[in-house]
Every structure is written in C-alpha cells, then in structure tokens.
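Listed here are the chains, written in short residue letters.
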Amino acid sequence: MEKFKTWATKPPLGWNSWDCFGAAVTEQQIRENADYMAKYLKPYGWEYVVCDIQWYEPKAYSNDYNNFTELEMDEYGRLMPAVNRFPSAADGRGFTTLAEYIHSLGLKFGIHIMRGVPRQAVAQNCPIYGSDSTCRDIAHHFSVCSWNTDMYGVKNSDEAQEYYNSIINMYASWGVDFIKCDDICVTEFRRWDNPYSADYEIEMLRKAIDNCGREIVLSLSPGPALRDKADHLCANANMWRLTGDFWDVWDKLYDMFDKCKQWEGVTDTGNFPDCDMLPIGRIAKNSTYYGANNRMSQFTKPEHYTLMTLWGIFRSPLMIGGNLPENDEFTFSLLTNSEYMKMNQNSTNARELCREGDKVIWVSDGDGCKYAALFNTGDTEQEVALTFDEKGEYSVLDIWQNEELGTVKNTLKASVAPHGARLFKLV
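Nothing here was measured: the structure is a model prediction, and the numbers come from that model. (Residues numbered from 1 in each chain as written. Predicted model: local features only at pLDDT ≥ 70, side-chain atom pairs only at ≥ 80, totals over all residues. Heavy atoms only, no water.)

Novice: How would you explain the sheet that holds strand S10 (residues 272-274) if you had to name every residue and give the values?
Specialist: Here eight strands make up an open sheet; going across it, the order is S10-S9-S8-S7-S3-S2-S1-S13 and the pairing parallel. Every interior strand has two partners, whereas the edge strands, S10 and strand S13 (318-320), have only one. Strand-to-strand twist of the sheet, defined as the mean angle between neighbouring strand axes without regard to direction, takes the value 25°. Note that strand S1 (residues 13-16) and S13 share three bridges and pair parallel. Note that in S13 the partner of Trp 15 across the bridge is Ile 320. (Pairing = 2+ DSSP bridges. Helix = DSSP H or I, 4+ residues; strand = E, 2+ residues; numbered from the N terminus. Axes fitted to C-alpha atoms, helices over the stretch in contact; angles between N-to-C directions.)

Next up, the structure:
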C-alpha cells in the first residue's frame, strides 16, 4: 500500500467554508467554526477545518470571482493569505498562526488551491524558489480554467515540479494537513487526444506531498471524475469528486444515486470517491447560489435523511457546508449520531442491492452487523421492502430515530416519506 493511503484510512470528516462563505471567508469565521467543531463535534470524529478558494484575494466578497484581480503573492510566485482577511498572516507568516490555533484544539487544518501557477506570477516572471527557472518558463498558456482566471496550468517538466515542490513545502511549513486541489480532477481545459489532461499535474502534487515531510491528505476537484481513471486516482489521491458543486436542490441529490452506483466498489483504505459537501445548516451567507441568500438548507427533512444516508453508507468523505455556530437542533442531530458515524467510518462492501422505479436499496457490512438503507425517490410515500437472501432473523435498530424495532425475519419493510430514506442496523 502506498504510504499516503495510511494518512486517511477512513473517510475524512470535516467542515469546508465554501457553501456558507464562498471566496470571502475570513480568519475570524474559520476560528469560530473550529471552536464549534472542537466543542461539539470532535467527539464524533469530525476533525478537518478547511479554508476554501481564494484566501489570497483581498477583494473577495461572495461565491463569485473578480476576474484578473490582484492577488496576494510572495516574490517566488507563491500565493499568500490576504492579510486584510487573515490578520495573523502578516509579515510573511502565511497560515502558520491559524494552523497552530486549530491544532491546539485537537483538529486539523486544510486549504483549497488551484492547479498550476498564478497568471500574475507569470506576468511578473517571478523566480521559482530554489530553482534557476521562472514561473514564465513553466506556464502552459493554453491550459486555463474556464470559471476562474487566477492560474495557468503548468508544462510537464522538471521545472514545473520544482514549483509544485516549493508551494507544498511552504504549506507543510505552515502546518497544513489537507489540500483540496481544484480544476484538476476533470479540468475545463481539454486536449483533443486526452480529456484527462491534468494527469501529470496530479502526479506532480503526489510527488511533492510525498517528499514534503508532512502527512497531507489530498483531495481532487471538481467532478465528475472519470470512472476509467479510477486506478490513476487511487494511485495518487485520497479522495476525488464525483460531481460538480453540489447544492441543496433535489435534482442534484437524485443524480447522486447514479454517481454512487457508477463508483461502487472503488472505495478502499486511503481511497474515497467523494460525493461532495453537505449543504446543510446555514449556507449561502454571501451569495444566492441555487436559492436565497443567507438561508437554511432548502432540503426537506426527508431529503436531509436521503443526503446523509447515501453519503454515509457509500462511505463518502463528509465535509459540512453550513456555518457551524448557526446549526439548528435537527442539523446538529444529523452530525452527532454515533451509530451513523460508525457506519460511515467502519463499514465495508457498500453496494446498491436493487433499484426498481422510485425504490432504491443500498446495503453494507459492519462489524458483526449489516446496514440497510431504504430510499424513496418518488413524490408520494411508499413502502420499501428488503428481503434477506439467507432468510435470516435480525434485531433492527432505526439509526436516525435511535429506536429498537425488535426482530424481523426474512423481510424488512418500512414506510418511506417522499424523497426520503430509512437507515437500519441489523444485528
């Protein structure tokens, strides 16, 4: 087993700033969410606090981007936290102080990056740290992101590897434990002969992380990841996105049943296909993406159960999208269900058992138990039934309701709300 897979033996659990703050998150908001996680969620396994995109952009204000704006950067073309948003980054300290604070809470710190080299560094022809080459030497000017103007992709060269080494070594010195690299899993830039055109940049990241002296979990975005590249993804990353940005609308949730089925069987120690973030709780504080500004998740209560149940039994990484200090009681209950967390972290062999019309059943194996998820994707309440092939008898726990239901023999039947799910532990 590759060493990096031992750094994330179970699906990573954490919080990411994108859904609630977009590109405009501040140090204070990061600290507030870390404080909440440490106080209320850490006992259930939640540990990563991830600062998402454009922490180096002084004028960021929402989930949108200021095209070709000036970025905070050092003399070697390495992006630095915007001091007006992250005061502890002053005097070249980067994220060191913030990471130290998060570590002091017993948590881990992560950041978002874009693949490649800043266009600003190329325009200024910045030298690459520890190299005789410059940022202009490594830029691939036709390899660009269609939705963000910050970066160029890089050429497949030793000099470009040196640049990746320079930024990863800096992040390691800051105390970064998790990197979400964007525009790299399925890039917007396409070559006619290779739609998976950032494969060598993924390998450069892997090499740089493996040699930086720090255990850093690597997450790749955006999706949909290419299923026929599963072996390459497993050899280079800990997690990768199965979809574009996931938001709190039913159509996107419904589509995830197909995505999970497509990636069934790939999950393994250190490798986790990623269903994307959990847009639950208070989100969109700086935007109107897919709904009202500063809203509680638009998912109905049954849809919340479907979201959490599918992500959980599939063993997706779980990254909370809402602003944690504003969690309501229901959102909190979803994140602190011990039996659910055990399933997500420790079960194996997750698989779609059947899908007939609006009725979907997923199952997985636990330690001395089995798990069964019964879904109703239709618009009216329905009974969903699971028949046991071995004709066995099981004691049944309703995980979401934390209710013992007695024993069942041969068949488990449950009434499931529209767009809803029921989740059971069978012993």
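Anyway, onward from the coordinates.
Novice: Run through the pairing of strand S21 (residues 420-426), naming residues and quoting values.
Specialist: Of all the seven residues making up S21, six are buried; the element is thus mostly covered by neighbouring parts of the structure. Pairing of strand S16 (residues 370-376) with S21, which is carried by seven bridges, proceeds in the antiparallel orientation. Within S21, the residue paired with Leu 374 across the bridge is Arg 422. Looking at chain direction, strand S18 (residues 393-398) and S21 are connected through three bridges and run antiparallel. By the bridge assignment, Asp 398 is partnered in S21 with Phe 424. (Buried < 20%, exposed > 50% of the residue type's maximum accessible area, 1.4 Å probe, protein only.)

Novice: Describe empty space enclosed by the protein, listing the residues and the values that go with them.
Specialist: As enumerated under the stated definition, the model contains two cavities of 30 Å³ or more in all. There is about 90 Å³ of room inside the largest cavity. Among the elements of the structure, strand S7 (178-182) and strand S9 (239-241) are those that each provide at least two residues to the lining of the largest cavity. Of the volumes computed, that of the second largest cavity is approximately 70 Å³. Lining the second largest cavity, in full, are Trp 55, Tyr 56, Arg 78, Leu 79, Ile 113, Met 114, Gly 116, Pro 118, Met 151, Tyr 163, Ile 167 and Tyr 171. Elements that contribute at least two residues to the lining of the second largest cavity include exactly strand S3 (108-114) and helix H6 (158-174). Top element by residues in the lining of the second largest cavity is H6. It accounts for three residues. Looking at side-chain class alone, the lining of the second largest cavity contains ten nonpolar, one polar and one charged residues. (1 Å grid on protein atoms, 1.4 Å probe; cavity = no way out; pocket = protein on both sides within 12 Å on 5 of 7 lines; lining within 4 Å. Points joined across faces, edges and corners; volume = space filled by probe spheres on them. Nonpolar A, V, L, I, M, F, W, Y, C, P; charged D, E, K, R; others polar.)

Novice: How would you sum up unusual backbone geometry? Please name residues and give values.
Specialist: Looking along the chain, the bond that leaves Ser 221 and enters Pro 222 is cis, with omega of -10°. Among the structural elements, Pro 222 can be located in the loop between strand S8 (217-220) and helix H8 (230-236). The residue after Gly 223, namely Pro 224, is reached through a cis peptide bond having omega 5°. Within the secondary structure layout, Pro 224 lies in the loop between S8 and H8. You will see that Tyr 290, though not glycine, has its phi angle at about 60°, which is positive. Position of Tyr 290 among the secondary structure elements: in the loop between strand S11 (282-283) and strand S12 (295-296). We classify Tyr 290 as partly exposed; its relative accessible area is 44%.

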